Amino acid sequence: MMTDDKTLSKTMSLWLRHRPDAAGLALDDAGWTDVDAVLAGLARKQIACGRERLLSIVENSDKQRFELSADGTRIRARQGHSVDVELGWPQVAPPEFLYHGTVERFLPAIRTEGLRPMQRHHVHLSPDQETATIVGSRRGEAVILTIRAGTMAAAGHIFFLTDNGVWLTDHVPPDYLIGI
Ligand code: HQG
């Protein structure tokens, strides 16, 4: 079967973040699995993708969703898992403000509950409004929330920074959201 790169990238995200079982994959504690196992999973689903194409998808993924081990034999999703993994991102002090792109229809719940991880392990925050706009626009007209991240950190909330620039935290209580 011919599958375009975007569809293939979505399939890999599904397997490496949420449903490794759907492709017969086993992820280790940090989310890694063998590149060969992914290739075998693709072959079983009759998706035409060899090693070279898989590596080019890893390299060209717009948000650098995947990463390879130093020796190139293992692959993982950088973030966004619903399966239990310990990704090992460093805990970093955040800038004073971070941003979150969402849509109008979620605002009533966000006003009461704050930002919650929903299906993911963490709330994902963006370093700038441009990135947050891209994230929010996946669901409609983006609404950009500003988070008082520096104040949150001073109050003991922990932030992690992935190496593709996404900030992760457990929960943003409504008090730290500006202007909603
Ligand atoms: C919303 C993509 C109701 C939240 C992107 C969001 C990002 C609430 C949705 C990355 C809520 C969750 C993450 C509450 C939050 N009540 N709704 N209390 N708290 N929400 O996809 O941040 O393509 O799990 O605003 O580019 O949109 O996966 O998170 O709209 O980097 O690589 O619930 O995912 O990257 O949606 O996106 P998501 P997100 P990938």
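First, a word on scope: everything that follows refers to the structure included in this document. This one's a predicted model, so the numbers in the text were calculated from it and none came from an experiment.

Attention shifts here to the pairing of strand β6 (residues 142-147). Bridge analysis of strand β4 (residues 98-103) against β6 gives six bridges, and the strand direction is antiparallel. When the sheet's bridge partners are listed, Tyr99 is paired in β6 with Thr146. Bridge count for β6 against strand β9 (residues 177-178) is two bridges, and the pairing is antiparallel. Among the inter-strand pairings, Thr146 is bridged to a residue of β9, identified as Ile178.

Those residues of helix α2 (residues 35-44) that fall on the buried side of the exposure criterion are Val35, Val38, Leu39, Gly41 and Leu42. Within α2, the buried residues cover an arc of 160 degrees as seen down the axis, which keeps them to one side. Its buried side turned inward, α2 meets α1 (5-18), β1 (33-34), α3 (51-60), β2 (66-68) and β3 (74-77). Positive backbone phi, at 55 degrees, marks Gln46, one or two positions downstream of α2.

The full set close to the ligand counts 18 residues, and His100, Thr102, Glu113, Arg120 and Arg139 are the nearest of them. At 2.9 Å from an oxygen atom of the ligand is found a side-chain nitrogen or oxygen belonging to Arg65. The separation between an oxygen atom of the ligand and a polar side-chain atom of Arg139 is 2.6 Å. Here the ligand has 780 Å² of accessible area as a free molecule, and 90% of this is covered by the chains. When atoms are counted within 2 Å of each cavity's grid points, the one that captures over half of the ligand is the largest pocket. Elements represented by at least two residues in the shell around the ligand include exactly β4 and α4 (107-113). Broken down by element, the residue count for the shell around the ligand peaks at three residues, all from α4.

Here the focus is the nonpolar core. The biggest cluster of nonpolar side chains holds 18 residues, and the ones touching the most others in it are Met12, Leu42, Leu54 and Ile75. Listed by contribution, the elements that provide at least two residues to this core are α1, α2, α3 and β3. Core analysis: the next-biggest nonpolar cluster, separate from the first, contains 15 residues, Leu98, Val123, Leu125 and Trp167 among them.

So, on to α3. Inspection of α3 places Leu54, Ile57 and Val58 among the buried residues, and these make up the whole buried set. Relative to the axis of α3, the buried residues are bounded by an arc of 100 degrees and lie together on one face. Exposed side chains of α3 directed beyond 90 degrees from the buried face belong to Glu52, Glu59 and Asn60. Here the buried face of α3 lies against α1, α2, β2 and β3.

In space, the three strands of this open sheet follow the order β4-β6-β9, with antiparallel pairing throughout. Across the chains shown, the open sheet's two edge strands, defined by having one partner strand only, are β4 and β9. Of the strands in this sheet, β4 and β6 touch helix α5 (residues 129-137), which is tilted by about 25 degrees from β4.

Time to look at a positive patch on the surface. A cluster of basic residues, Lys6, Lys10, Lys63, Arg105, Arg138 and Arg139, forms a positive patch on the protein surface. Position of Lys6 relative to the elements: it lies in helix α1.

Calculation notes
Residues numbered from 1 in each chain as written. Predicted model: local features only at pLDDT ≥ 70, side-chain atom pairs only at ≥ 80, totals over all residues. Heavy atoms only, no water. Pairing = 2+ DSSP bridges. Helix = DSSP H or I, 4+ residues; strand = E, 2+ residues; numbered from the N terminus. Buried < 20%, exposed > 50% of the residue type's maximum accessible area, 1.4 Å probe, protein only. Arc of directions from axis to C-beta. Contact = heavy atoms within 4.5 Å. Near = heavy atom within 4 Å. Polar contact = N/O pair within 3.5 Å; in protein donor to acceptor, adjacent residues only side chain to side chain. Areas by Shrake-Rupley, 256 points an atom, 1.4 Å probe, with all protein chains shown as cover. 1 Å grid on protein atoms, 1.4 Å probe; cavity = no way out; pocket = protein on both sides within 12 Å on 5 of 7 lines; lining within 4 Å. Sits in = over half its atoms within 2 Å of the grid points. Core = buried A, V, L, I, M, F, W, Y, C linked by side-chain atoms within 4.5 Å. Axes fitted to C-alpha atoms, helices over the stretch in contact; angles between N-to-C directions. Patch = residues over 30% accessible without salt bridge, like charges linked within 9 Å, V, L, I, M, F, W, Y side chains within 5 Å. Salt bridge = Lys/Arg side-chain N within 4 Å of Asp/Glu carboxyl O. Lys, Arg positive; Asp, Glu negative; His and termini not counted. Charge placed at Lys NZ, Arg CZ, Asp CG, Glu CD.

Without other data, these values stay purely geometric and don't point to any function.
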